[in-house]
Amino acid sequence: MAKAAAAEATGMTAVLGGDQDDVLAALAAHGLTPANVNGAGQIVAAGTMSELAALAAEPPAGARLRPLTVAGAFHTAHMAPAVAALREAAAGVTVSDPAIVLLSNADGAAVTSGRDWLERIVTQVSAPVRWDECMQTMAGLGASALIELPPAGTLTGLARRALPQLPRAALKTPDDLDEARALLAEHGTPEHHYAGHTPEWRLLVAPVAGTFQADSNGQDVTPGAHVRPGALLGHVAARSGQEPITPDFAGIVLEWLVEDGDPVAVGQPLIRLQPEAA
């Protein structure tokens, strides 16, 4: 995706408000893609910087434009070169059919096939996100409450306007866990959901919003490395200072989800670790 973004100067702009049909028509007139159709009066336009500049000069009636700080026009045809690379990587992945209901951002469909799910993940690199249709499916399936996992806040904000009848909880910090537990206690869990499975790996997340810095004081933090409890794996630099990233357990580095210099939000996953037996 980074290579595809570097091929041409592209970007994304949030279009807030306005009539949806008018907004979509304006995007089409300027050659832009509605990369995210989020519902509740929010569509993200994506394309070349010149196309976005033309939209800014002639915005849809009643709409506000907010340029986004992103590396390129994601979820558009500009990302097509990344699809082939991801499909090649996915070819060696073994998948099972979902054990719980999974909704696809491609069209809001409930997906029952693991292979179909994997293919959707691959192709959606260059296809729009339809969160509006996911919310419609949730309502149609009889969802009675929504809990957003970290980094949280955006989706529950959209659901507040599109599905105002549903109670919501956004898990931004551990302080929000009690609210989420209360929702689960009130609404229960589906009978078909198997709750006895414990994940084999754990995530470390950003404690504050800021910039991730891969400063580990010489500690080997490459995939496959063993790290001890309290090992320094990096920092998040914020206005309040540097917040260290350290595990409270021994583990093996499986995957970094950010790179040095990346901006991160509160609760954003940074690294995936395999805990080691004590």
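For the structure itself, consult the block above.
Each value, and the rule that gives it
- Residues numbered from 1 in each chain as written.
- Predicted model: local features only at pLDDT ≥ 70, side-chain atom pairs only at ≥ 80, totals over all residues.
- Heavy atoms only, no water.
- Buried < 20%, exposed > 50% of the residue type's maximum accessible area, 1.4 Å probe, protein only.
- Helix = DSSP H or I, 4+ residues; strand = E, 2+ residues; numbered from the N terminus.
- Arc of directions from axis to C-beta.
- Contact = heavy atoms within 4.5 Å.
- Pairing = 2+ DSSP bridges.
- Axes fitted to C-alpha atoms, helices over the stretch in contact; angles between N-to-C directions.
- Polar contact = N/O pair within 3.5 Å; in protein donor to acceptor, adjacent residues only side chain to side chain.
- Salt bridge = Lys/Arg side-chain N within 4 Å of Asp/Glu carboxyl O.
- Phe/Tyr/Trp six-rings, centres within 6.5 Å; stacked < 30°, edge-to-face > 60°.
- Lys NZ or Arg CZ within 6 Å of the ring centre and 35° of its normal.

Enquirer: Tell me about helix H4 (residues 80–90), and name the residues and values.
Expert: Within the span of H4, buried status applies to Ala82, Val83 and Ala90. The buried residues of H4 occupy an angular sector of 110 degrees when projected down its axis, which confines them to one face. In H4, the exposed positions angled more than 90 degrees off the buried face are occupied by Pro81, Ala84 and Glu88. In the core, the buried residues of H4 are packed alongside helix H5 (114–123).

Enquirer: Any chance you could break down the sheet that holds strand S2 (residues 33–39) for me, citing the residues and the numbers?
Expert: Strand order in the open sheet formed by four strands is S2-S3-S1-S4, and the pairing between neighbours is antiparallel. Since the sheet does not close on itself, it has two edges, and those belong to S2 and strand S4 (63–68), each with one partner. Within the sheet, the average angular offset between the axes of one strand and its neighbour, ignoring direction, is 25 degrees. Inspection of the sheet shows strand S1 (residues 10–17) paired to strand S3 (residues 42–48) by seven bridges, in the antiparallel sense. Paired with Met12 across the two strands is Ala46, which belongs to S3.

Enquirer: Lay out helix H7 (residues 154–162) with the relevant residues and their values.
Expert: Structurally, the α-helix is built with 3.6 residues per turn, so residues lying three or four positions apart point the same way. For H7, the full list of buried residues reads Thr156, Gly157, Leu158 and Ala159. For H7, the elements touching its buried residues are S2, S3, helix H6 (131–140), strand S7 (146–148) and strand S8 (168–170).

Enquirer: If you had to explain the side chain of Glu148 to someone new, which residues and values would you point to?
Expert: Looking at the element boundaries, Glu148 is found in strand S7. Among the polar contacts listed, one links the side chain of Glu148 to the backbone nitrogen of Thr156, at a separation of 2.9 Å. Apart from residues no more than four positions distant in its own chain, Glu148 is found in contact with Gly153, Thr154, Leu155, Thr156, Ala169, Ala170 and Leu171.

Enquirer: Summarise the pattern of salt bridges; cite the residues concerned and give the values.
Expert: According to the stated counting rule, one finds eight salt bridges in the structure shown. The partner of Arg120 in a salt bridge is Asp116, with the nearest N and O atoms 3.3 Å apart. Of this pair, Arg120 and Asp116 are both found in helix H5, four residues apart, which corresponds to roughly one turn of the helix. Taking the shortest distance from any N to any O, the salt bridge between Asp178 and Arg181 comes out at 3.2 Å.

Enquirer: Which residues make up the environment of Gly41, and what values go with them?
Expert: Mapped onto the secondary structure, Gly41 falls in the loop between S2 and S3. By relative accessible area, which is 39% here, Gly41 ends up partly exposed. When the C-alpha positions of Gly41 and Ala162 are compared, they lie 9.3 Å apart, and in sequence the two are 121 residues distant. Setting aside its immediate chain neighbours within four residues, Gly41 contacts Val15, Leu16 and Gly17.

Enquirer: Any chance you could break down the packing of aromatic side chains for me, citing the residues and the numbers?
Expert: Per the stated rule, a full pass over the model turns up one aromatic pair. On the numbers, 5.4 Å between centres and 45 degrees between planes, the contact of Phe212 with Trp256 is tilted. One end of the pair, Phe212, is in strand S10 (residues 210–213); the other, Trp256, is in strand S14 (residues 251–256), and 44 residues separate them in sequence. Look at Phe212 and you get buried, because its relative accessible area is 2%. On the accessibility criterion, Trp256 (22% relative accessible area) is partly exposed. Against the face of Trp201 rests Arg272, its NZ or CZ located 5.1 Å from the ring centre.

Taken by themselves, the reported measurements are silent on function.
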